[in-house]
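The primary structure of each chain is shown beneath.
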Amino acid sequence: MGDINNQMNNIMEDMPLTKWLEAELKNPDGKRLIIRKTTVAYAAAELLQKAITIAPLSANKISLDNFVVRTKKWHHRPSSAADIVGVDMISEKLSLTIIDPSDLGRSSSRDAEEDAGRNLVVSISSCLPRSSDSGFEQIKESTICHLFGILLYQIYSNLDPFLENKLEGNEPTLLDHGGVKTEKGGLRLTYSTLRELGSPPNICMLVQNFAEGNLPSPRNTYFSLKEGSDDLHLLLRQPNKLLFTSNAPEDGYLRLRLQKNKLYGRDHEVSLISDAFSTVCVGESVALFVGGFSGSGKTSLVESVMASVNASGGYVLAQKFDQLSRGGPLLELISAFDRLCVLIQSRTSPQDLQIIVDRLTETFGVDLSLLRRLLPKVDVLVPPSTKFGQQIPGQDGTRMNLQSVCFILQHFIRAVSSKSHPVMIFLDDLQWSNSMTLKVIQHILGASNCLFVGSYRSNEVSPNHAVFRLMKELEASKQCSVQKLILDGVKCEDLNTLVSDALCLFPRVTRGLSSIIHEKTEGNPFFFLEFLRSLVDRGLLQYSMGLERWEWDEDLIRLEKITNNVLFLLANKMSRMRMEVQMALKVLSSFGNEVNEKIITYLNTTSQFVDILSGVEEAISDGFVSRVGEPLCYVFVHDKVREAAYSLIPDDAKDDFHCMLGEALRSISKGDGLDDNTVITIADQINHNLDALRQSSPSMRLEVASLNYMAGVAAMSRSD
């Protein structure tokens, strides 16, 4: 009944393109108008491509008078792009019908229509057979593009009255806004002309690139209708990026519009990890090792599938090993399993949670207290008040060896994982792990429904590293499927998509720039991105306020020398920042890849680091650091960023800097009830320079000794 009513409320109407444009002037509804005009422009481009294959085109066929727009007219609502059902070409008797598959699942609301994007499919039918008439010689395609540029100018300029077209010959004449004829019949359409009339910058550039097709050595000119038609379609598919996004500076800062959660050029690799997880969901275990140079995107690749794992009911346990950590990789791994208890409790239904509790009590029985000593947070799953949750007298002093840890964690994973709730363990930077830690992983993979993903820097591990021994032993034992993945550089075309997204320009326009940077960085995604940012910092990639788009000189960028070490780019950028930001980066890097927000808050109350919070906020704004987790932590966005920040501290001053941080924290936190992690952190910083402490007063040495005792007790309680 609804479809019948809709048909009764609208009528089909055919209008010459000129009349349609005049009617559109009465409905100046901003974004929708731009989308409707671009839909007609795309249809015209497709018709002209078809017409070329039927008969030679003369100039008068590429005109407003040769096209008819077919629309649906509604009685009670304004027009939209979806109401354009087709465009006809009169001279060739071609009829184009527009099919929009996205309409099938789109909301009926018209307010957000311009944001959705339209991936149109067109169907062209002809009433005429292919012509063999040679009465007209086919004009050059560059001239066709030039004439189509004039047609586009008329469409987007609202039938500009200053336009005088002589379409009889191959050299049309156009008057500029001053009424002056252009030289040699060329088209002098200034970029600002269409911009002043409300056209978005990319449309202004597209029209200009078409219209300049017959000029000598033009930049970014279209030489084929196909290329231009593809760009028109891209405008319709990605209106938010290419039509309605402003690149103007925000708060006085120029920023590239980078897609934070978008992975470029790794579709095959993502599919491999997704397939591995599917295998785990049917009851098997899989070990996947991801190698590659620093910056090749190993972490981003694995993180890109975590959302789907969570959505499928899986539990993701992630741990990044840190070169600066003094607790050791095994302790970090056990802490990660401890956090997994909280994750399971927060993401599991009461019914499924009870099943897990029953499995734990059945598996461990009276030995559940041993599990509690290894993973204290298991209390959120099995409270101490339960039958098997109570501590067994005499067991609290029992020391655990590596075999005990392996046994307990393996049985813990068996109890908490299932086909409906598999566990994904992601260990990042395995080059900083050791044989004990990987031995635990080997035992854990004896459980089912477990996906282990380990990443490592392939250029920073020797052939006899523990990670390769683990691979061989897993393959020999056949206890699980073993897969290996090496990430090389990303293809230039994929990185060009990144640049196109960042600059909000057509991929056609950014291809030359991307090719130069790709060649210099060998396709390393992180290095590529940092070099792109450095071009902005050095003014080689500039935003033109007049043209409202990014501009660059490819010849100048090609001459740029580039170091093979991305640290140079990052450290050079950091060294030009405000001293408060540099100090914040030095402080954050001294704690490793991440630091609890509480530590920085403490430091902000000291005289030495009184402005550190403002520096941290600026570091976050500049993309070096992010704020994540609960409790909140500051995390460097990449290992190389932390290394670059740490390099700001001279090597011979690093120990003194650590000790200064520790002393500041110790003095300001006296009397506070510090948690174990904070105590260990403070002691770790002070212990970087114990030689200097030997020269301090007896009372100071006593306080530091007491602090280390507390840290030792805390560490033992976590590792026992």
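Rules used throughout
- Residues numbered from 1 in each chain as written.
- Predicted model: local features only at pLDDT ≥ 70, side-chain atom pairs only at ≥ 80, totals over all residues.
- Heavy atoms only, no water.
- Helix = DSSP H or I, 4+ residues; strand = E, 2+ residues; numbered from the N terminus.
- Buried < 20%, exposed > 50% of the residue type's maximum accessible area, 1.4 Å probe, protein only.
- Areas by Shrake-Rupley, 256 points an atom, 1.4 Å probe, with all protein chains shown as cover.
- Salt bridge = Lys/Arg side-chain N within 4 Å of Asp/Glu carboxyl O.
- Pairing = 2+ DSSP bridges.
- Axes fitted to C-alpha atoms, helices over the stretch in contact; angles between N-to-C directions.
- Contact = heavy atoms within 4.5 Å.
- pLDDT = per-residue confidence, 0-100.
- 1 Å grid on protein atoms, 1.4 Å probe; cavity = no way out; pocket = protein on both sides within 12 Å on 5 of 7 lines; lining within 4 Å.
- Points joined across faces, edges and corners; volume = space filled by probe spheres on them.
- Patch = residues over 30% accessible without salt bridge, like charges linked within 9 Å, V, L, I, M, F, W, Y side chains within 5 Å.
- Expected span 1.5 Å × (residues − 1).
- Parallel < 35°, antiparallel > 145°, perpendicular 65-115°, else oblique.
- Nonpolar A, V, L, I, M, F, W, Y, C, P; charged D, E, K, R; others polar.
- Core = buried A, V, L, I, M, F, W, Y, C linked by side-chain atoms within 4.5 Å.
- Right-handed = clockwise from strand over helix to strand, strands pointing away.
- Polar contact = N/O pair within 3.5 Å; in protein donor to acceptor, adjacent residues only side chain to side chain.

Brief notes about the overall build of the protein chain
Working step 1: What the protein chain contains, in helices and strands, is 30 helices and 15 strands.
Working step 2: Residues counted as buried form 50% of the 720 residues belonging to the protein chain.
Working step 3: Here the protein chain displays about 33100 Å² of accessible surface, and carbon together with sulfur accounts for 52% of that area.

A closer look at unusual backbone geometry
Working step 1: Phi is positive for Lys-478, close to 55°, though the residue is something other than glycine.
Working step 2: Looking at the element boundaries, Lys-478 is found in the loop between helix 17 (466-477) and strand 10 (481-487).
Working step 3: For Lys-478, a relative accessible area of 71% puts it in the exposed group.

A word on the pattern of salt bridges
Working step 1: Scanning all chains against the criterion turns up 32 salt bridges.
Working step 2: A salt bridge links Asp-379 to Arg-372; its shortest N-O distance comes to 2.2 Å.
Working step 3: Classification of Asp-379 by relative accessible area gives partly exposed; the value is 27%.
Working step 4: Between Arg-666 and Glu-663 there is a salt bridge; the shortest N-O distance is 3.0 Å.

What about the sheet that holds strand 13 (residues 594-596)?
Working step 1: On the basis of which strands lie adjacent, the open sheet formed by three strands has the order 13-15-14 and antiparallel pairing. The sheet is open, and its two borders are formed by strand 13 and strand 14 (625-628), each paired with just one other strand. The mean angle between the axes of side-by-side strands here comes to 25°, regardless of whether they run parallel or antiparallel.
Working step 2: Bridge count between strand 14 and strand 15 (residues 633-636): four bridges; the pairing is antiparallel. Pairing of Val-625 across the sheet is with Phe-636, part of strand 15.
Working step 3: Helix-sheet contacts for helix 24 (residues 597-604) involve strand 13, strand 14 and strand 15, and the interaxial angle to strand 13 is about 70°.

Comments concerning the confidence of the model for the protein chain
Working step 1: Summary statistics for the protein chain give a mean pLDDT of 84 and a share of 83% for residues scoring 70 or more.
Working step 2: In the model of the protein chain, helix 1 (residues 2-9) stands out as the element of lowest mean pLDDT, 48, in contrast to strand 8 (residues 423-428), which has the highest, 97.
Working step 3: Segment residues 104-108: pLDDT under 50, and four contacts once partners within four positions in sequence are set aside and those in other chains are kept.
Working step 4: Below a pLDDT of 50 lies the segment residues 161-190, which in the model reaches 59 contacts outside its immediate sequence neighbourhood of four places, other chains included.

What about empty space enclosed by the protein?
Working step 1: Under the defined criterion, the tally for this structure stands at three cavities of 30 Å³ or more.
Working step 2: Estimates place the volume of the largest cavity at around 70 Å³.
Working step 3: Taken together, Phe-321, Asp-322, Gln-323, Asp-429, Trp-432, Arg-457, Asn-593, Asp-639, Arg-642 and Glu-643 make up the full set of residues lining the largest cavity.
Working step 4: In terms of residue count, the dominant contributor to the lining of the largest cavity is helix 26 (residues 639-646) (three residues).

Thoughts on a nonpolar patch on the surface
Working step 1: There is a patch of nonpolar side chains on the surface, built from Tyr-709, Met-710 and Val-713 and spanning about 330 Å² of accessible area.
Working step 2: When its relative accessible area of 40% is taken as the criterion, Val-713 is described as partly exposed.

Considerations on helix 3 (residues 31-54)
Working step 1: Over its 24 residues, helix 3 runs 35 Å from end to end, which matches the ideal 34 Å to within 8%, given 1.5 Å per residue.
Working step 2: Counting buried positions along helix 3 gives 19 out of 24 residues, so the element sits mostly inside the fold.

A short note on the packing of helix 24 against helix 25 (residues 612-621)
Working step 1: The interhelical angle for the contact between helix 24 and helix 25, taken along N-to-C directions, is 135°, at an axis separation of 8 Å. As far as their axial angle goes, helix 25 and helix 24 are oblique. Across the interface between the two elements, Ile-600, Leu-603 and Asn-604 of helix 24 pack against Ile-612, Leu-613 and Val-616 of helix 25.
Working step 2: For the contact of helix 24 with helix 25, the class distribution of residues is five nonpolar, one polar and no charged.

Examining the nonpolar core
Working step 1: If you look at the biggest cluster of nonpolar residues, it comprises 128 residues, and the most contacted ones within it are Leu-17, Phe-148, Leu-513, Leu-541 and Leu-603.
Working step 2: Considering every element that reaches this core, the biggest residue donor is helix 3, with twelve residues.
Working step 3: The residues contacting Leu-513, other than those within four sequence positions of it, are Val-499, Leu-503, Leu-532, Leu-535, Leu-541, Trp-552, Glu-554 and Ile-557.
Working step 4: By size, the runner-up hydrophobic cluster in this structure holds 54 residues, among which are Phe-337, Leu-438, Val-440 and Cys-480.

Regarding the sheet that holds strand 10
Working step 1: Spatial strand order, 7-8-9-6-10: five strands in an open sheet with parallel pairing. Of all the strands in the sheet, the pair left with one neighbour each is strand 7 (315-320) and strand 10. Geometrically, the sheet is characterised by an average inter-axis angle of 15° between neighbouring strands, direction not taken into account.
Working step 2: Direction of pairing for strand 8 relative to strand 9 (residues 450-457): parallel, over a ladder of five bridges. Bridge assignment links Val-423 to a residue of strand 9, and that residue is Cys-450.
Working step 3: In the packing of helix 17 onto the sheet, the strands contacted are strand 6 (285-292), strand 9 and strand 10, and the crossing angle to strand 6 comes to about 150°.

Considering the pairing of strand 8
Working step 1: The buried fraction of strand 8 amounts to six of the six residues, a majority that puts the element mostly inside the structure.
Working step 2: The alternating pattern of strand 8 places Val-423, Ile-425 and Leu-427 and Met-424, Phe-426 and Asp-428 on opposite faces, both of which are buried.
Working step 3: Bridge analysis of strand 7 against strand 8 gives six bridges, and the strand direction is parallel. Residue pairing across strands places Leu-317 opposite Ile-425, the latter belonging to strand 8.
Working step 4: Between strand 8 and its parallel partner strand 9, the chain crosses via helix 16 (residues 435-444), and the hand of that crossover is right-handed.

Some words on the side chain of Asp-322
Working step 1: Topologically, Asp-322 is positioned in the loop between strand 7 and helix 12 (329-347).
Working step 2: In this structure the side chain of Asp-322 is engaged in a polar contact, spanning 2.9 Å, whose partner is the backbone nitrogen of Asn-593.
Working step 3: Residues within four places of Asp-322 in sequence aside, it is in contact with Glu-332, Trp-432, Phe-591, Gly-592 and Asn-593.

Focus on the environment of Phe-636
Working step 1: Topologically, Phe-636 is positioned in strand 15.
Working step 2: Residue classification places Phe-636 among the buried positions, given a relative accessible area of 7%.
Working step 3: Counting along the chain gives 47 residues from Phe-636 to Ser-589, while the straight-line C-alpha distance between them is 8.1 Å.
Working step 4: The residues contacting Phe-636, other than those within four sequence positions of it, are Leu-585, Leu-588, Ser-589, Gly-592, Asn-593, Phe-624, Val-625, Val-641, Arg-642 and Ala-645.

With respect to the environment of Leu-242
Working step 1: Assignment of secondary structure puts Leu-242 in helix 9 (residues 239-242).
Working step 2: C-alpha of Leu-242 to C-alpha of Phe-506: the two residues are 264 residues apart in sequence and 7.5 Å apart in space.
Working step 3: For Leu-242, the contacting residues outside a window of four places in its chain are Asn-202, Leu-234, Leu-235, Cys-504, Leu-505 and Phe-506.

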